[in-house]
Amino acid sequence: MPQIAQLAATYSSQIFWLLLTFGFVFFVIGLGMVPKIQGTVDRRDRQIADDLAAAERARQEADAQDEAYRAKAEASRAEALKLTQAAKADATAESDKTLAKADAESAEALSAAEARIAAATAQALGEIESVAAEAAQDMVAKLSGAKVNAADAAKAVKAALANG
Amino acid sequence: MHQFTIEPLFGTDHLSIAGYNIAFTNSALWMAITAVVLWVFMLGGMKRQLVPGRWQMAVESMTGFIDSMLAANIGPAGRKYVPYIFSIFMFILFANLLGLLPLGLFGIHPFTFTSHFTVTGVLAIMSFSIVLIVGFWRHGLHFFSLFVPHGTPIWLMWLIPVIELISFLVRPFSLGLRLFVAMMAGHVLLEVLSSFVIDSANAGAAYGVLIGGPSFILMIAICALEVLVAGIQAYVFALLTSLYLNDAENLH
């Protein structure tokens, strides 16, 4: 096994060149290059994290704006509802008033017409009485030849009508 | 076993510092190749684009892998160990994978230096030293409470700390030997199977078909397994180092 057979002759050379080459690897590569590569990776990670944070912030902002828009739309809708309700109430009141006026007018016309009918009835009744009195006067005159004055005839007719 | 032999290259046999030989060997060459290939790989991740390309993505996924492993095992305090754990993981991973390249087809023989316990031992001692330094730096002598787990009965106080101390001191050995053994065993297994193929084919056509054929099929499967082992051993080394660092950082 050369590792043992050559140990005494080669150990110093082995150790010397190993320390030299590994020293180069450690100082130039390990201490010189590795931190820079780690720095690159860290910078990239930080950039990605920052970008993600910015995206998250933008999303929250958009959410807030959406929320505000929704609240505003809700408010406008409520306002519109209030306005339509007011308009509806106004219209109802207006039509109620018109209706009441029309009712009053028709009631007035009705009562006037009733009064006219009553007057006409009374007149008609009066006429019937006078015609009946004249008829009774004539009938009495024709049947008995007795003259009945108009006042008596009217009284008799009135009594008969009142009893009949 | 020839593949594990260390040979000085470019006539540097007698290069030395203070009497210690530091010949530039094939092992050192592959350490250098590993470092350079790793450096080139990392260069692709240095474009620092916000939207990464494929290569940058690959590099970032490796750093992210180590980063999340340390975050899971140590917590937020684990981030400062990323450079070390990343270096050791990638260095071992690239060394294991480069050692498996079938470059023998072109006359170049890859050398897997992680199959030498001299190398894995140094890496393990490095990790263990960092654990000790961090532990005593952060907790001072209170670090020794690591050897007394929560809920230890008083009457077991003479035994449990001894067991814990031994298991703690075994860590660098298990860390280094595990990698060395796994890499060496894999390469030896491949070599044995390939020698079956070659020797049986040389012995005759019938032997070649009956013994060489199945061996060859098995070898292909073991090659795939070795690629897996190369990744797993690098991962285990990094994972165990980070678990030990967790002990040092957070005690229990």
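Before going into details, it helps to say that this report is about the structure given with it. In this text the structure is predicted, and so the values were computed from the model without any measurement. Along every chain, residues carry numbers that run from 1 in the direction the sequence is written. Whichever chain is written first is A, and whichever ligand is written first is 1; the rest continue in order. Two thresholds apply to this predicted model, a pLDDT of at least 70 for residue-level local features and 80 or more for giving and counting side-chain atom pairs, whereas whole-chain, interface and lining totals are computed over all residues. Side-chain numbers come from the whole structure's heavy atoms, not from hydrogens or water.

With that settled, consider the overall build of chain B. A count of helices and strands for chain B gives 6 helices and 2 strands. Traced from its N-terminal end to its C-terminal end, chain B shows the element sequence β-β-α-α-α-α-α-α. Overall, the C-alpha framework of chain B stretches about 70 × 55 × 45 Å when taken along its three principal axes. Residue exposure (1.4 Å probe, protein chains only): buried if accessible area is under 20% of the type maximum, exposed if over 50%, otherwise partly exposed. Per-residue burial for chain B yields a buried fraction of 45% across its 252 residues. If you sum the accessible surface of chain B, you get close to 12,600 Å²; carbon and sulfur atoms cover 76% of it. Charge assignment in this entry is limited to Lys and Arg as positive and Asp and Glu as negative, and neither His nor the chain termini are counted. The atoms used to mark charge sites are NZ of Lys, CZ of Arg, CG of Asp and CD of Glu. Charge-centre separation for chain B: the mean point of 8 positive side chains lies 17 Å from the mean point of 10 negative side chains. Strands here mean DSSP runs of E at least two residues long; helices mean DSSP runs of H or I at least four residues long; both are numbered from the N terminus. Per-residue accessibility takes into account occlusion by the displayed protein chains alone, with areas from the Shrake-Rupley method and a 1.4 Å probe.

To continue, consider the overall build of chain A. Counting its secondary structure elements, chain A contains 3 helices and 0 strands. For chain A, the α and β elements follow one another from N to C terminus as α-α-α. Note on method: radius of gyration uses C-alpha positions; expected globular size equals 2.2 Å times residues raised to 0.38. Taken over the C-alpha trace, chain A has a radius of gyration of 63 Å; the compact-globule value for 164 residues is 15 Å, which it surpasses by more than 25%. Taking the principal axes of the C-alpha coordinates as reference, chain A spans close to 195 × 30 × 15 Å. For chain A, the residues scored as buried account for 15% of the 164 residues in total. Surface exposure of chain A reaches about 11,800 Å², of which carbon and sulfur atoms provide 64%.

Our focus in this paragraph is the packing of helix 1 (residues 26–43) of chain B against helix 3 (residues 82–99) of chain B. Residue and element names in this part refer to chain B. Structural elements are reduced to axes, namely lines fitted to C-alpha atoms, with helices fitted over the stretch in contact, and the angle between N-to-C directions of any two is expressed from 0 to 180 degrees. Between helix 1 and helix 3, whose axes approach to 9 Å, the crossing angle comes to 115 degrees. Where helix 1 crosses over helix 3, the handedness of that crossing is right-handed. The residues of helix 3 that touch helix 1, namely those facing W30, M31, I33, T34, V37, L38, F41 and M42, are F86, M90, F91, F94, A95 and L98. Put simply, Ala, Val, Leu, Ile, Met, Phe, Trp, Tyr, Cys and Pro go in the nonpolar bin, Asp, Glu, Lys and Arg in the charged bin, and everything else, Gly too, in the polar bin. Across the contact of helix 1 with helix 3, the residue classes break down as 13 nonpolar, 1 polar and no charged. Should the near helix be turned anticlockwise from the far one by less than a right angle, the crossing is left-handed, and should it be turned clockwise, the crossing is right-handed. Contacts between residues were defined by any pair of non-hydrogen atoms, one from each residue, lying within 4.5 Å.

All names here are of chain B. A 1.4 Å probe that fits but cannot get out identifies a cavity on a 1 Å grid over protein atoms alone, an open set with protein on both sides within 12 Å along at least five of seven lines counts as a pocket, and a residue lines either if it has an atom within 4 Å of a point. Grid points are joined across faces, edges and corners, and a volume is the space filled by probe spheres set on the points. Of the voids in this model, the largest pocket is the one considered here, and its volume is about 890 Å³. Taken together, 27 residues line the largest pocket, and the ones lying closest to its centre are Q3, L101, G104, H109 and P110. Going through the elements one at a time, helix 1, helix 5 (160–203) and helix 6 (205–250) are the ones with two or more residues in the lining of the largest pocket. Considering every element that reaches the lining of the largest pocket, the biggest residue donor is helix 5, with 5 residues.

Glancing now at the interface of chain A and chain B. One frequent convention defines the size of an interface as the accessible area lost when the parts assemble. With 38 residues of chain A at the contact, the number on the chain B side is 49 residues. We define buried area as the total accessible area lost by two parts upon association, computed with a 1.4 Å probe and summed across both. For the pair chain A and chain B, the summed buried surface comes to about 4,000 Å²; carbon and sulfur atoms form 72% of the total. Three residues, Q3, Q14 and F22 of chain A, lead the burial of chain A against chain B; their summed loss comes to 17% of the area buried on that side. For salt bridges, the criterion is a side-chain nitrogen of Lys or Arg within 4 Å of an Asp or Glu carboxyl oxygen. We note a salt bridge from E60 of chain B to R44 of chain A, for which the minimum N-O separation is 2.8 Å. Within 3.5 Å is the distance limit for a polar contact, defined as a pair of N or O atoms, with the added protein rule that one can donate a hydrogen and the other accept it, and that residues adjacent in sequence qualify only through two side-chain atoms. Linking chain A with chain B are 7 residue pairs in polar contact (both at pLDDT 80 or more), by the criterion used here. Mapped onto the side of chain A that touches chain B, the elements with two or more residues apiece are helix 1 (2–5) and helix 2 (7–144) of chain A.

Attention now moves to the environment of P149 of chain B. Residue and element names in this part refer to chain B. Topologically, P149 is positioned in the loop between helix 4 (117–139) and helix 5. Judged by relative accessible area, which is 21%, P149 ranks as partly exposed. Along the backbone, P149 and A35 are 114 residues apart, and their C-alpha atoms lie at a distance of 40 Å.

In this fold, T63 of chain B is placed in helix 2 (residues 54–73). Among all residues touching T63 of chain B, those that are not within four sequence positions of it are V34 and I37 of chain A together with F86 of chain B.

The definition of a nonpolar core used throughout is a set of buried Ala, Val, Leu, Ile, Met, Phe, Trp, Tyr and Cys residues joined through side-chain atoms within 4.5 Å. Membership of the largest hydrophobic core comes to 62 residues, with the highest contact counts inside it found for M42, I85 and M90 of chain B. Those elements that provide at least two residues to this core are helix 2 of chain A together with helix 1, helix 2, helix 3, helix 4, helix 5 and helix 6 of chain B. Here this core gets 13 residues from one element, more than from any other, and that element is helix 3 of chain B. In contact with M90 of chain B, other than residues within four places in its own chain, are L38, F41 and M62 of chain B.

By this rule, a helix spans an expected 1.5 Å times one less than how many residues it contains. The end-to-end C-alpha distance of helix 1 of chain B is 25 Å, a good match for the 26 Å that 18 residues give at a rise of 1.5 Å each. For helix 1 of chain B, the complete set of buried residues consists of N26, S27, A28, W30, M31, T34, A35, L38, F41 and M42 of chain B. Residues of helix 1 of chain B that are buried sit in contact with helix 2 of chain A together with helix 2, helix 3 and helix 4 of chain B.

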